[in-house]
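Listed here are the chains, written in short residue letters.
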Amino acid sequence: MEKTFAIIKPDAVEAKNAGKILARIEAEGFRVVALKKHSISKAEAEGFYAEHKERGFFGSLVSYMTSGPVYVMVLERENAVAHWRAVMGATNPANAEPGTIRKEFGESIARNAAHGSAVDADAAREVTFFFSAA
């Protein structure tokens, strides 16, 4: 079994879509190993997204991720990282496949409902960023 990290982002929480996204996660065969509602601080957002610090969108990303509560979680299943990426869909909801989380619940490339680890190494780092042991 493999673990991955996921966030239900502020736009999806604000739109009251967190329950629908969690139901989809479970329907896709994931086991939710850890889950908490969390308000990400500016320092946490800057640390979590540090790899993007030099990119033009960094400031708006930090502002967005601190704009409201999120759900952070650890998901487990076979091929968890790749499967969650497929279930989320393309970063830009306009380019996402029908039936994906971002196509159904995302508003824009910036407000796209969900985050998922890109690769196994990211999953390991991201899980420990928000959870001491999962």
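Here the structure is shown first, and the text comes after it.
Glancing now at the pattern of salt bridges. All told, the structure shown has seven salt bridges when counted by the stated rule. The closest approach of N and O atoms between R31 and E76, which form a salt bridge, is 2.9 Å. With R31 in strand 2 (residues 31-38) and E76 in strand 3 (residues 70-77), this pair connects stretches of sequence that are 45 residues apart. Note on E76: relative accessible area 11%, which makes it buried. In this structure, the salt-bridge partner of E51 is R125, at a minimum N-O distance of 3.6 Å. Here the residue E51 occupies a position in the loop between helix 3 (42-48) and helix 4 (58-65), and R125 occupies one in helix 7 (residues 120-130), the gap between them amounting to 74 residues.

Examined against the element boundaries, K9 turns out to sit in the loop between strand 1 (2-8) and helix 1 (10-14). Buried charge K9 goes without a salt bridge, the closest partner of opposite sign being D11 at 6.4 Å. Within the local environment of K9, its side chain forms a polar contact with the side chain of N112, the two groups lying 2.8 Å apart. Not counting residues up to four positions away in its chain, the partners in contact with K9 are Y64, M65, V70, N112, A113, A114 and H115.

Cut-offs applied
Residues numbered from 1 in each chain as written. Predicted model: local features only at pLDDT ≥ 70, side-chain atom pairs only at ≥ 80, totals over all residues. Heavy atoms only, no water. Salt bridge = Lys/Arg side-chain N within 4 Å of Asp/Glu carboxyl O. Helix = DSSP H or I, 4+ residues; strand = E, 2+ residues; numbered from the N terminus. Buried < 20%, exposed > 50% of the residue type's maximum accessible area, 1.4 Å probe, protein only. Lys, Arg positive; Asp, Glu negative; His and termini not counted. Polar contact = N/O pair within 3.5 Å; in protein donor to acceptor, adjacent residues only side chain to side chain. Contact = heavy atoms within 4.5 Å.

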